[in-house]
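As a plain string of letters, each chain reads:
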2 protein chains.
Amino acid sequence: MERGRIAIIGAGNVATHLARALDRKARVVQVCSRNIEHAARLASALRDCKPTDDASTLDADCDYYIISVCDDAIEPVSMTLPDTDGIVVHTSGSTPIDKLARHQRRGVLYPLQTFSAAAELDIQRVPFFIEGSDDGTRRKIKELAQTLSPSVYEADSEQRAALHIAAVFACNFTNHLLEIAVGILHDNGYPLTVLQPLLEVTLHKAMLIGPHGAQTGPAVRRDMGVINRHLSALASRQAEIYRLLTQSIMERHK
Amino acid sequence: MERGRIAIIGAGNVATHLARALDRKARVVQVCSRNIEHAARLASALRDCKPTDDASTLDADCDYYIISVCDDAIEPVSMTLPDTDGIVVHTSGSTPIDKLARHQRRGVLYPLQTFSAAAELDIQRVPFFIEGSDDGTRRKIKELAQTLSPSVYEADSEQRAALHIAAVFACNFTNHLLEIAVGILHDNGYPLTVLQPLLEVTLHKAMLIGPHGAQTGPAVRRDMGVINRHLSALASRQAEIYRLLTQSIMERHK
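Because the structure is a prediction, the values reported are computed rather than measured.

Scoring rules and cut-offs
- Here the residue index of a chain counts from 1 through its sequence in written order.
- As they are written, the chains are lettered A onward and the ligands numbered 1 onward, keeping that order.
- Given that this is a predicted model, residues contribute local features only at a pLDDT of at least 70 and side-chain atom pairs are listed and counted only at 80 or more, while totals for whole chains, interfaces and linings are drawn from all residues.
- To obtain the side-chain values, all non-hydrogen atoms of the structure were included, while hydrogens and water were left out.
- The numbering of helices and of strands both runs from the N terminus, where a helix is a DSSP run of H or I of at least 4 residues and a strand a run of E of at least 2.
- Each residue gets one of three labels from its accessible area relative to the maximum for its type: buried under 20%, exposed over 50%, partly exposed in between, using a 1.4 Å probe on protein chains only.
- When checking whether two residues touch, look at their non-hydrogen atoms; a contact exists if any pair is within 4.5 Å.
- What sets the accessible areas is the Shrake-Rupley method with a 1.4 Å probe; for residues, cover comes only from the shown protein chains.
- Note: buried area is the sum, over both parts, of the accessible area (probe 1.4 Å) each one loses when the two are combined.
- Salt bridges are defined as contacts in which a side-chain nitrogen from Lys or Arg sits within 4 Å of a carboxyl oxygen from Asp or Glu.
- Contacts described as polar in this section are N or O atom pairs within 3.5 Å, which, within protein, must combine one atom able to donate a hydrogen with one able to accept it, while residues neighboring in sequence count only if both atoms come from side chains.
- Polar here means any residue other than Ala, Val, Leu, Ile, Met, Phe, Trp, Tyr, Cys and Pro, which are nonpolar, and Asp, Glu, Lys and Arg, which are charged; Gly is therefore polar.
- Any residue with an atom within 4 Å of a point lines the site, the site being either a cavity, points on a 1 Å grid over the protein atoms alone where a 1.4 Å probe fits but cannot get out, or a pocket, an open set with protein on both sides within 12 Å along at least 5 of 7 lines.
- Grid points are joined across faces, edges and corners, and a volume is the space filled by probe spheres set on the points.
- Any two strands with at least two DSSP-identified bridges between them are counted as paired.
- Axis lines are fitted to C-alpha atoms, over the contacting stretch for helices. Their N-to-C directions set the angle, which ranges from 0 to 180 degrees.
- For this classification, under 35 degrees means roughly parallel, over 145 means roughly antiparallel, 65 to 115 means roughly perpendicular, and everything else is oblique.
- Left-handed is the label given to a crossing in which the near helix is rotated counterclockwise from the far helix by less than a right angle, and right-handed is the label when the rotation is clockwise.

## Here's the deal with the overall build of chain A
So, point 1. A tally of regular secondary structure across chain A gives 10 helices and 8 strands.
So, point 2. For chain A, the spread of C-alpha atoms along the three principal axes comes to 70 × 40 × 30 Å.
So, point 3. Taken over 254 residues, chain A has a buried fraction of 59%.
So, point 4. For chain A, restricting intrachain contacts to residue pairs at least 6 apart in sequence, the fraction spanning at least 24 positions comes to 49%.
So, point 5. As presented, chain A carries roughly 10,800 Å² of accessible surface, and 47% of it is formed by carbon and sulfur atoms.

## Quick notes on the interface of chain A and chain B
So, point 1. At the interface, 83 residues of chain A touch 83 residues of chain B.
So, point 2. On the chain A side of the contact with chain B, Phe169, Tyr190 and Met207 of chain A bury the most area, a combined 8% of that side's loss.
So, point 3. For the pair chain A and chain B, the number of links is 6 salt bridges.
So, point 4. For Glu200 of chain B, the salt bridge is made with Arg125 of chain A, and the minimal N-O distance between the two is 2.6 Å.
So, point 5. Across the chain A-chain B interface, the total number found is 33 residue pairs in polar contact (both at pLDDT 80 or more).
So, point 6. At the level of secondary structure, the elements contributing two or more residues to the side of chain A that touches chain B comprise strand E8 (152-154), helix H5 (157-187), helix H6 (196-209), helix H7 (211-214), helix H9 (224-233) and helix H10 (236-252) of chain A.
So, point 7. The element best represented in the side of chain A that touches chain B is H5 of chain A, accounting for 25 residues.
So, point 8. Across the side of chain A that touches chain B, the residue classes tally to 48 nonpolar, 24 polar and 11 charged.

## With respect to empty space enclosed by the protein
So, point 1. Inspection of every chain in the model, using the stated rule, returns 5 cavities of 30 Å³ or more.
So, point 2. Taken together, Ala170, Thr174, Leu178, Leu199, Thr202 and Leu203 of chain A together with Ala170, Thr174, Leu178, Leu199, Thr202 and Leu203 of chain B make up the full set of residues lining the largest cavity.
So, point 3. At the level of elements, H5 and H6 of chain A together with helix H5 (157-187) and helix H6 (196-209) of chain B are the ones that each hand at least two residues to the lining of the largest cavity.
So, point 4. The residue inventory of the lining of the largest cavity, partitioned by class, reads 8 nonpolar, 4 polar and no charged.

## Regarding the sheet that holds strand E7 (residues 128-132) of chain A
All names here are of chain A.
So, point 1. The strand order E3-E2-E1-E4-E5-E6-E7-E8 describes an open sheet built from 8 strands, whose pairing is mixed. If you trace the sheet from one side to the other, it starts and ends with strand E3 (50-52) and E8, each paired once. Along the sheet, successive strands turn relative to each other by an average axial angle of 25 degrees, direction set aside.
So, point 2. Sheet strands touched by helix H2 (residues 36-44): strand E2 (27-32) and E3. Its angle to E3, the strand with the most contacts, is close to 165 degrees.

## Digging into the packing of H10 of chain A against helix H10 (residues 236-252) of chain B
Two quantities define a packed helix pair, namely the angle between the axes and the distance from one axis to the other.
So, point 1. In contact at an axis separation of 11 Å, H10 of chain A and H10 of chain B are set at 155 degrees when each is read in the N-to-C sense. Accordingly, the angle class assigned to the pair H10 of chain A and H10 of chain B is roughly antiparallel. In terms of crossing hand, the pair formed by H10 of chain A and H10 of chain B is left-handed. Contacts from Arg237, Gln238, Glu240, Ile241, Leu244, Leu245, Gln247, Ser248, Glu251 and Arg252 of chain A of H10 of chain A reach H10 of chain B at Arg237, Gln238, Glu240, Ile241, Leu244, Leu245, Gln247, Ser248, Glu251 and Arg252 of chain B.
So, point 2. The residue inventory of the contact of H10 of chain A with H10 of chain B, partitioned by class, reads 6 nonpolar, 6 polar and 8 charged.

Written out as C-alpha cells, the structure is:
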C-alpha cells in the first residue's frame, strides 16, 4: 500500500478517525462533505488534502474512495462519484456491498468500534471487517485495512450485519443498562464512579473465561426472593427489562 | 483498628477475599463453615486462624463477626453465634440489617463487587457500603472498612437494596448481553476477542461523560431501517430483548 491515493467522502466521526489514521500511512488527497466547512476542517488537519462539497468533482484516479456517511446516503453518494478504476468502499455494518453496484471494484471496510468526536482512539486496536467484489479488490482492501490495524477479518454482507447486531448488544444496550444503573445510584445519592471497579471486573472476567462462565447474580442462582424484591422496587419499564433479562438468563443457564 | 480480632462465618468467594485482605491488617482468628474442609482450607491460608464448623463454639470476645453466607442463611446463622459484645455484620446487598436483630451491635459491610474464586481482586479498589445499629457501631464498622479500601460510603438497608439492583443491571445483565453478542459472533465464526476494544471504549466513554451522553446506535438515532432489519434477523427471545431495550433507549432520549 505504498503511497496509495485516497479520497474520503464524509466528515463525521468515522471519516475523521479513518482520515487521520490513514494520513500517516498513505495520501489522503481529498475530503468531500455536503458541508464544505466540515470538509475544510478535516482537510486542514491532514498533510496535503483538498476539501470539496461535490463528490462528482473528485479526482477519478484515486486508488480508494472511502464512503463514510450515514447508511441511507451511501447509495446516492456512490452514484455521484466519477467513473473510476479505483476501489469504492463504505464503512457501514448494516449496508450490503450491493449498494455500491455502480462501481466495478467495490467493497467494505467496517471498523467494529464506536467512534466519537471527543475521544481519542487507538485505531491499531480496532478490528476491521472487509469485503471485496472480487479477489483482487478484496486483497487491496485488506492491504488498506492492514495499514490501520493488525486485526483484519473477512466478512460477507450477512456476517457483517450479524457483527453489527452483536455490537448493538455489546455496546449500545450495555450502555443503556449502565444508564439505568447510574440513574438508580443518583436517586440514592451515589456517584457513577462507585460502579467503575465492578464494571472493570465484569468485563475482565467475561473476556477471561467467557460471559457464560462469568454469569453471576440472582437470576443464575434462581434466587426468587431477591428477584421478587427487586421487581417490586422498580418502576414499570425497568421492571419489564429486569423480568425479561432474568428470564433470558435462566433459559441460557439450565 | 489496631489488632482487631475477627471471626469470619462463611468460606465462599466473598468470605475468602475479605479474610485474606483483613488478615494483612487485623487478626482473623477463626473461620467457620458448615463444611469443615472449606473452613480448614481458608484458615490455612491465613496467619493464625482456627477453623470450625460450629458457629456456637466461636470465641465470644472477638471484635467483629463477619457473616458472609448466602442471603437465606444470614438470620439462622446469626442465631447460632455466641452472645457477644462484639459487632456482628453481614455482607449482603439485599438483606436488611434487622435480620441480625438478635445482636445488640450489628451492621452491614457490603462490597459493591463481583467476587469469584479464580480471579485475583484489588480489594483497595472495591467500594464498601456500611450500616450500623448505632453511631458507635457504625464508626467501628467504618474503621474496619477503611482498613480494606479508601472508598467507604454509608447506606441504609433501603439504599443498599437499590445499590444491589444497580449492580444487577450493570454487572449481571450487561454480562448476559455480552453472552448474547458472543453467541452471535460464534455463529458467524468470530472469536470473543473481536469485541474487546469496543467494550473497553464503551466503558471508558460511559465513565468519562456518563452513559446518557455516551449513548450511540440505531435506537438513539431512531434509525428504523436498521432496527427493523436487526429485529427480523434475530431469534424470538433476542428480538424481544432488542425491541424492549430499543424502546427504553428511545424513551430516555427524546
